[in-house]
Structures are given as structure tokens and as C-alpha cells.
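# Results of the structural survey
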Amino acid sequence: MVPRKCGGLMFAHLASFLVQRRIPILALLTAVVVVASLLSFGVKFDFSPQAIFSGNGQLVADAERFRETFGHEDAILLGILEATGEQDTLTPASLNWQNAVVAKLRTLHDVQSVESVASLQVPQIHFTFGDPFKMRLGPLIPAFPVDAVTAEEVRVRVDRMPLISGALLSESRRVAAIPVFVDPKKRDLESMQTVVHQVRDVLRNEATPAGFKWHLTGLPDLRVDAVENLQKDQAGLLPFAGVVYLLALMLMFRCVSGGLLPLVAVGVGLSFTFAILALTGQTLNVVSNVLPMLLLIIGISSSVQVVAAYGEDADEHGHDVRALAGREAATRGAIGHMAEASLVASVTTAIGFLSLMTARSDVLKQFGIQSCIGVAMLYIALMTVLGTLFPYFRPPRRRSAGRLGRAFEQTVANIGTLVARHPRTMLASSALVVVAAISAGMFVRVNSYTFETYEESHPTLKTMRLVERELSGLLALEVSLKAKDGATLIEPDVYRKVAEFQHYALQQEGVLFARSYVDLHQELISRWSRTDRDVLPADDDDGRRRLNQSNVLLLKLEKAFHYSKFRTTDGTQARVMLRLKDIGTSETLVLARRLEATLTDLFPAGGPVTAHLTGDAYVNAVAMDNLIHDLFGALLTASFSIFGMIALLFRSIRVGLIAALPNLTPLALTLGYMGLRGYDMNVGNVIVFTISLGFADDTTIHFLFRFREEYRKDLHVIDAIQRTFLGTGRAIVQTSLLVVSGLLILLFSNFLPTRRFGELTLVTLAGNLLGVLLMLPACVVLFWKRTIPLPEPEFTESSHAESVSR
């Protein structure tokens with residue numbers, strides 16, 4: 001048998017250095033790992049909308065200026081009191097509870113203000129509309145505790161106050177809201193966690209009246225809840241996955257070197273990675289939170305290849321692995337041989353991830369850098385840890401694999417023989433599967449839901465649905481209105497157009513609520529001029545006079561009507577606030593286009609008023625749509641970069657093209673599976689494609705390197721394919737089965753995106769096996785350039801048996 005060459009002189013020297021100096025290297029490595037592990041706890045999560053929106057330029061800048069002007073909707077917590085019995089929320093017990101809760105919430109440090117029906121300020125003095133300045137404010141409820149008589153008076157007065165419906169009280173009166181306005185400067189996760197926990201403690205500690213139930217929701221609460229539950233989920237699942245990986249590795253290799261050392265090496269690489277992220281102040285966001293799983297899959301894949309090479313080197317060269325010298329020799333052979341292939345795989349994978357820098361989204365750029373750092377740290381850890389620890393452990397031996405192991409090897413060898421004998425049939429069959437998958441994938445739409453973290457049965461989502469059903473919802477889509485002067489927006493003609501737009505918006509599917517400065521003016525005009533609230537001021541001098549008078553009064557009664565939240569004090573800017581159901585980014589963008597068309601008709605370019613859409617729901621829809629399309633574009637760039645690198649490494653465009661098809665196969669199959677299952681393309685799903693690319697690239701390069709090495713022995717492509725299947729092919733299948741065993745744990749997650757991630761990654765691994773073990777070798781047999789046109793050996797039972805024995 002032709003001895004295997006080490007991967008170049010440099011890598012041979014590296015292997016010898018690691019073996020000879022392993023004791024001081026291990027001592028230094030242990031100290032560094034301890035420090036890195038401590039530092040890695042400093043990595044923070046950032047699931048804020050700002051993290052996702054970053055990189056969307058003018059869109060985000062406009063939204064932030066709008067928030068500064070009219071208030072931060074993403075800094076409002078919503079306490080909810082729900083009537084579960086026969087009584088509604090205007091009973092004495094309910095009103096007294098609301099008052100007590102509001103009083104305690106107002107004492108919290110980072111809470112700016114709190115509102116409720118119980119604390120509402122209302123006009124107290126009767127007057128004529130022509131003389132508004134005698135108006136004074138007073139509490140809706142003059143004294144507490146409330147008795148039955150006062151509660152009935154409150155009910156009568158509330159029925160004449162339509163502005164609170166949908167905001168502080170539901171139409172049915174069975175749900176009451178307590179908005180808690182948090183300091184917008186405290187929107188970082190740690191500050192929000194503190195406030196959310198404090199508010200929750202207040203609600204929990206105040207005894208809820210019989211027949212009522214409290215809830216807490218709002219965008220800050222949803223962010224905190226998602227992050228904390230995700231951290232708990234990972235804290236439970238990742239150790240469990242580690243145990244499963246350990247058991248699977250021990251079963252696979254039947255030795256400590258194959259069972260424990262790969263996990264140790266990957267763990268060291270992860271600690272290095274997260275220590276660097278902590279030191280550089282980088283955070284994990286909605287995209288990069290899959291980084292641990294991504295690096296775990298890539299690391300396990302590479303480490304299994306190295307462990308398998310350790311066992312093969314010992315078998316091929318007959319090293320006495322019972323002696324230290326024999327294990328040292330096998331280690332030098334395995335590390336010297338695998339260091340080059342692993343380095344090439346790491347470099348090409350890192351370059352692929354660095355191509356994410358071409359995206360517009362900052363989170364994708366950050367994810368690309370973090371992935372590149374992780375891949376580099378994994379390579380250093382794998383070579384260092386395995387190169388220094390292998391001599392202390394016996395290698396896995398193929399001939400001690402047992403009946404099951406021999407059956408496994410025979411199956412892999414048979415697949416290699418089948419592909420080598422019938423490459424055209426295998427390629428055509430695989431291509432048909434890919435084409436069918438692409439056809440099914442054509443039905444996948446780009447769409448993301450704000451609350452897709454939870455299933456409908458989850459309490460958090462149930463509360464959000466309650467708010468959508470009974471109140472005004474949580475997702476704000478805003479219209480920003482700007483006028484050239486302070487009087488334009490209350491000109492009757494402009495005023496009527498704003499009212500017309502509100503009416504149109506409320507007719508649209510998915511819109512729950514609409515409010516603007518028009519509603520505040522109408523409330524005053526209808527109340528004190530005794531006209532129907534739906535009758536707009538006439539487009540004449542009298543209508544203009546009424547609007548000017550109501551404007552003066554609204555400015556005076558700011559505490560009651562919060563006029564500045566809908567129109568600035570100088571009168572040049574105003575908002576129309578729409579609240580939406582969580583209809584998904586796709587439908588939100590469709591709705592936005594309809595609203596923009598109507599705004600263009602009502603407020604054409606060059607007119608006295610300009611109008612454009614903003615708000616969290618709109619910015620989120622645009623940003624998420626851009627993010628997903630960016631990621632797909634970056635993945636294509638990464639794919640071409642990887643193929644180009646492979647072509648350069650093998651000095652052949654043909655090899656680059658041979659590698660392209662199997663690398664794209666798992667992407668196509670995953671897309672097709674999503675189409676068949678009716679899954680949307682959201683951020684959680686599209687991240688699976690980055691894992692697919694990383695894993696496919698790693699296995700493709702290891703296969704091609706091993707094939708080139710085997711081919712150089714006798715220049716027979718088919719024999720080389722068979723030997724490659726018995727070496728690298730077997731390790732690829734082992735790695736895939738190993739990763740599958742760990743991913744099955746994710747199916748027990750409490751989070752729908754985590755379960756979906758595990759499900760789609762399993763499909764990706766199946767697609768990778770199809771690409772690397774069927775399409776890639778078939779392409780190699782058909783298109784590999786023969787160095788010397790020697791005749792291929794005929795297939796016989798004896799030649800096949802000899803190949804298996806090798």
C-alpha cells in the first residue's frame with residue numbers, strides 16, 4: 001500500500017512540534033481556557049429592534065426622530081386587568097386595585113408616568129365653547145376607596161368618553177389597561193429587565209380581586225421574556241446535547257480519544273470565540289444567536305475527520321498504539337495529514353462568512369465577523385487540543401469496530417461502488433430531486449411575524465392576542481405629517497384629508513385602531529358645541545375658528561389629552577397612529593403600499609403637507625425584508641467565493657464547478673422542504689442556510705482533498721472514489737449521524753423557532769449527504785481531468801473486496 005504523505009513540510013513540522021512540546025503547550029492551553037471561559041460569560045444578548053434595524057440608514061434615522069418627537073412606543077409596558085367572572089373592570093374592587101397598582105408603579109425609578117382609568121384627569125368645570133379659559137382639570141375619581149355609588153358615576157362618565165376606548169378600556173369594559181411609560185434611555189436589555197421585573201413584582205404582590213386576572217405585555221416585556229426564556233432553553237438543551245454527542249461519539253469510536261476529545265476541542269474553540277466577542281464588546285442578536293450551534297456543527301465535523309485520520313494512520317502504518325512512541329507517530333501522521341485540509345476548509349468557510357460584509361444590514365456584517373472569528377478559533381483549538389492530547393489516548397481501531405461497525409463500513413463502500421459504477425444515473429436522479437425541491441421552494445414567501453417566538457397556546461402570546469382582540473394591539477404603524485407652517489395642519493381642508501385617511505386606514509384588514517389630532521379636536525368640538533362627533537368642521541371661516549379654539553384648549557389641557565403626542569406645540573408636525581395585528585411583514589408591506597398610495601393622492605408632492613410612513617411595525621417589516629434578502633444575496637456571494645477558493649486551491653476551474661453543485665444541493669432541498677411544509681422564509685429559517693453552507697463546504701473540501709490524495713496513488717478515478725468513501729466518506733456519514741443526534745434535542749425546545757431550526761437543519765444535513773456522497777463523486781467520476789489516460793480497472797468481486805479491506 002502506498003503510504004500516506006503528510007500535508008506538506010510545514011504541517012509535518014507543526015505536528016511534530018505539538019507532539020514534542022505537548023506538556024508546556026497543554027499547561028499554557030489550560031490557563032488560557034480558564035481565562036477565556038470566565039471572559040465568555042461577558043457576552044451579552046441584544047434582541048432589541050434597534051439591533052435589527054441598524055444599517056437601514058434613512059429609514060431608521062427618520063423613525064428615531066419621530067420617536068423623539070412623539071414618544072417611544074417601544075418603551076411602553078402594558079399592565080392588563082382582565083375580568084374573568086360576571087363583573088367588568090369598572091367595579092369598586094377593580095378600580096381600587098388599579099389605583100393601588102398605579103401608585104406603586106409611579107414610585108419606580110425608571111418609570112416616567114403611568115396611566116389608567118382610575119388615575120385619569122378630566123375637565124371639571126362646565127363652560128361654553130366660546131370661553132374655554134375657565135377650564136380646570138381634576139381626577140375622574142375624586143377619592144379612594146371607591147364605593148358602589150362612585151363606581152356607577154364613573155361608569156356613566158366613561159360612557160361619554162370615547163377616547164379611552166381601545167386605549168385604557170375595552171369596548172366590552174372587561175379589559176382595562178395600565179400603560180407604563182419607561183424612560184426611553186433605558187431601552188437596553190439589562191435596564192429593561194430590571195424595569196420589567198419590578199413592574200411584574202408590583203402586579204404580583206398587589207392582591208388581585210376575585211373574578212379578575214392580571215397580565216403584563218408590551219414590546220419591552222416581550223423582548224425580555226424572549227431573551228430570558230431563550231437563555232433558559234439553551235442552558236437546558238446545550239448540556240443535554242453535549243451528553244448526547246458524548247454518548248454518540250463513544251458508541252461510534254469506542255474509545256476515549258474518539259468520544260471525549262472532539263467535545264473538549266470544540267469546547268475550547270467556543271470558549272476562545274466568546275472570550276474574543278466579550279473583549280471586543282460584540283453581542284449576540286436575533287441572527288447571531290445561532291452562532292454556538294453553527295460552530296458546534298462545524299467543529300464536530302472537523303474533529304471527527306481528525307479522529308478518524310488518527311485511527312487510519314495507526315492502522316495503515318501498523319503503529320504499536322499500546323506504546324507511547326506508536327501513539328506519537330500516529331498523532332504526527334494524522335495532524336500532519338489533516339492540518340492542511342482542515343485549514344483549507346476553515347479558510348474557505350471563513351471567506352464565505354466574510355462575504356456577509358457586502359450586506360447592508362449591520363447585524364449580518366457582525367454575524368459574518370463573529371462566524372469568521374469562530375471558525376479560526378475552532379481550527380486553532382482542534383489542531384492544538386487533539387495534537388497534544390492524542391498521544392495520551394489510544395486511537396479508534398477499525399478492525400475492532402464490531403459487527404455493526406463492519407456493516408456500516410460495508411454500506412458506505414457499497415454506496416461508493418454504486419456511484420462509481422453508475423455516475424450518470426446517480427447524477428441524473430439527484431438532479432431530479434434538486435429540481436423538484438427548487439420547484440416546491442418557489443412557493444416559499446419572505447415573511448416574518450413579530451411574535452413568531454411562541455405558539456398560540458403560550459401564555460405570552462395569549463396575552464398579546466387578548467390585547468389585539470379587546471384593546472388596540474401593540475404594533476404601531478405611524479404616519480408622519482409635516483407642514484410648512486404652524487397653521488396648515490388645522491386648516492379645514494387638510495384636517496378633512498387627515499380624517500379621510502384615518503377612515504380609509506380603519507377599513508383595511510389588519511388595522512385595529514387609528515388615532516390622530518383630529519380625534520382630540522373632534523372630542524372637544526362635539527362636546528362643547530353639542531354637535532355629532534362625526535361631523536367635521538366646515539371648510540369655511542367658522543370651521544377654521546372652531547379648530548383654532550379647540551387647538552388653544554388642547555394645548556392648555558395637555559395633561560388630560562396628551563396633545564403633544566399627536567401634534568407638536570409649533571403645529572408643524574403631526575402623527576396618525578395606526579395599530580396593527582401581527583399580520584406578518586409580507587402583509588404589512590402590502591398594507592403599507594396601499595396606505596402610501598392613498599397618502600400620495602391626499603397629500604401630493606409639492607403641496608403644503610408631506611406625509612410618509614414610519615413606526616415600529618413599518619420599519620420592522622422593511623428591515624426584516626431587507627435583512628432576509630440581504631442574507632440570501634450574501635449567501636450567493638459566499639457560495640461563489642467558496643467555489644472560487646476551491647478552484648484556486650486545486651488550480652482548476654473545473655474542480656470549482658464540480659464542487660458547486662453538491663454545495664448548493666442542501667440549500668435547494670431545504671428550500672423545497674419549506675415549500676412543502678408551508679413555512680415562510682424568516683430570519684430564524686434563513687439562518688439555517690448559513691449552517692448548510694458552512695457544513696457543505698467543510699465536507700466537500702475534505703472529500704476532494706482525500707480523493708486527490710487517493711487518486712495520486714494509481715491515477716484510477718474509480719478506485720480512488722472507493723477508497724475516499726471508506727475514509728472521508730465514512731467520516732462524513734458518521735459526522736452527519738452525530739450532528740443529527742444532537743439536533744434531535746432541539747425538537748424538545750419550548751421555542752417554536754428553535755424547534756423549526758432543528759427540523760430544517762436535519763433536512764439540510766440530509767441534503768448535504770445527497771450532495772457530497774452522490775452528486776459530488778458522480779461529478780468527479782464524469783468530469784475529473786485525468787492526469788494520465790490509464791484504463792480504469794474493471795469491477796469484480798475481488799477488486800471490490802480488496803477496496804473494502806483497505
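As a starting point, this report considers the structure included with it. (Residues numbered from 1 in each chain as written. Predicted model: local features only at pLDDT ≥ 70, side-chain atom pairs only at ≥ 80, totals over all residues. Heavy atoms only, no water.)

Okay, the side chain of Thr724 next. Positionally, Thr724 belongs in helix α25 (residues 717–746). Taking the relative accessible area as the measure of exposure, Thr724 reaches 0% and is therefore buried. Not counting chain neighbours up to four residues away, the residues in contact with Thr724 comprise Phe703, Arg706, Phe707, Glu710 and Gly729. (Helix = DSSP H or I, 4+ residues; strand = E, 2+ residues; numbered from the N terminus. Buried < 20%, exposed > 50% of the residue type's maximum accessible area, 1.4 Å probe, protein only. Contact = heavy atoms within 4.5 Å.)

What follows concerns the packing of aromatic side chains. One pass over the structure, following the stated rule, counts 9 aromatic pairs. Taking the centre distance of 4.0 Å and the plane angle of 15° together, the rings of Tyr310 and Phe390 count as stacked. Here the residue Tyr310 occupies a position in helix α11 (residues 291–317), and Phe390 occupies one in the loop between α13 (362–389) and α14 (402–421), the gap between them amounting to 80 residues. For the pair formed by Tyr310 and Phe390, the shared burial category is buried. Chaining the aromatic ring pairs together yields one cluster made of Phe707, Tyr711 and Trp784. (Phe/Tyr/Trp six-rings, centres within 6.5 Å; stacked < 30°, edge-to-face > 60°.)

The next thing to look at is the nonpolar core. In this structure, Leu105, Val199, Leu704, Ile721, Val780 and Trp784 are the most contacted members of the largest nonpolar core, which totals 171 residues. When residues no more than four places from it in sequence are discounted, the contact partners of Val199 are Leu77, Leu105, Leu108, Val180 and Leu216. (Core = buried A, V, L, I, M, F, W, Y, C linked by side-chain atoms within 4.5 Å.)

Here we take up the pattern of salt bridges. As enumerated under the stated definition, the model contains 31 salt bridges in all. A salt bridge links Asp680 to Arg445, with the shortest nitrogen-to-oxygen separation between them at 3.2 Å. Pair noted here: Asp680 is in the loop between α23 (653–677) and α24 (683–714) and Arg445 is in the loop between α15 (423–441) and α16 (459–470), with a separation of 235 residues, a long-range link. Taking the shortest distance from any N to any O, the salt bridge between Glu455 and Arg755 comes out at 2.9 Å. Note that Glu455 is positioned in the loop between α15 and α16 and Arg755 in helix α26 (residues 752–783), a separation of 300 residues in sequence. Its relative accessible area of 39% is what places Glu455 among the partly exposed residues. Exposure remark for Arg755: the relative accessible area of 17% places this residue in the buried category. Each of Glu312, Arg706, Glu710, Lys713, Asp714, Arg723 and Arg730 takes part in a single network of salt bridges with overlapping partners. (Salt bridge = Lys/Arg side-chain N within 4 Å of Asp/Glu carboxyl O.)

Each α-helix winds once per 3.6 residues, and so residues spaced three or four apart point in a common direction. With 34 residues, helix α22 (residues 616–649) should cover 50 Å at 1.5 Å per step; its first-to-last C-alpha distance of 47 Å lies within 8% of that length. A large share of α22 lies buried, amounting to 24 of its 34 residues. One or two positions beyond α22, positive phi appears at Arg651, with a value near 55°. (Expected span 1.5 Å × (residues − 1).)

Where α15 meets α23, the axes come as close as 7 Å, and the angle between the chain directions of the two elements is 45°. As far as their axial angle goes, α23 and α15 are oblique. α23 is crossed by α15, and the crossing has left-handed handedness. Between α15 and α23, the residues in contact are Leu427, Val433, Val434, Ala437, Ile438, Ala440 and Gly441 and Leu661, Thr665, Ala668, Leu669, Leu671, Gly672, Gly675 and Leu676, respectively. Per-class residue counts for the contact of α15 with α23 are 11 nonpolar, 4 polar and no charged. (Axes fitted to C-alpha atoms, helices over the stretch in contact; angles between N-to-C directions. Parallel < 35°, antiparallel > 145°, perpendicular 65-115°, else oblique. Left-handed = near helix turned anticlockwise from the far one by under 90°. Nonpolar A, V, L, I, M, F, W, Y, C, P; charged D, E, K, R; others polar.)

Here we come to the sheet that holds strand β12 (residues 609–614). An order of β10-β11-β9-β12 is seen for the 4 strands of this open sheet, with the pairing classed as antiparallel. The sheet terminates laterally at β10 (511–516) and β12, the two strands that pair on one side only. Across the sheet, the axes of successive neighbouring strands diverge by a mean angle of 20°, strand direction being ignored. Note that strand β9 (residues 475–483) and β12 share 6 bridges and pair antiparallel. Bridging across to β12, Ala483 finds its partner in Val609. Strands β9, β11 (573–580) and β12 of the sheet are contacted by α22, whose axis makes an angle of about 105° with β9. (Pairing = 2+ DSSP bridges.)

Take the layout of surface pockets next. As a volume, the second largest pocket reaches approximately 1,100 Å³. Forming the boundary of the second largest pocket are 50 residues, of which Glu115, Pro179, Phe181, His562 and Lys565 lie nearest the centre. Residue assignment for the lining of the second largest pocket shows that the elements contributing at least two residues are β2 (76–83), β3 (111–114), β4 (121–123), β6 (175–182), β10, α18 (517–528), α20 (558–561) and β11. Residue contributions to the lining of the second largest pocket peak at 4 residues, all from β6. Residue composition of the lining of the second largest pocket, grouped by class: 28 nonpolar, 12 polar and 10 charged. (1 Å grid on protein atoms, 1.4 Å probe; cavity = no way out; pocket = protein on both sides within 12 Å on 5 of 7 lines; lining within 4 Å. Points joined across faces, edges and corners; volume = space filled by probe spheres on them.)

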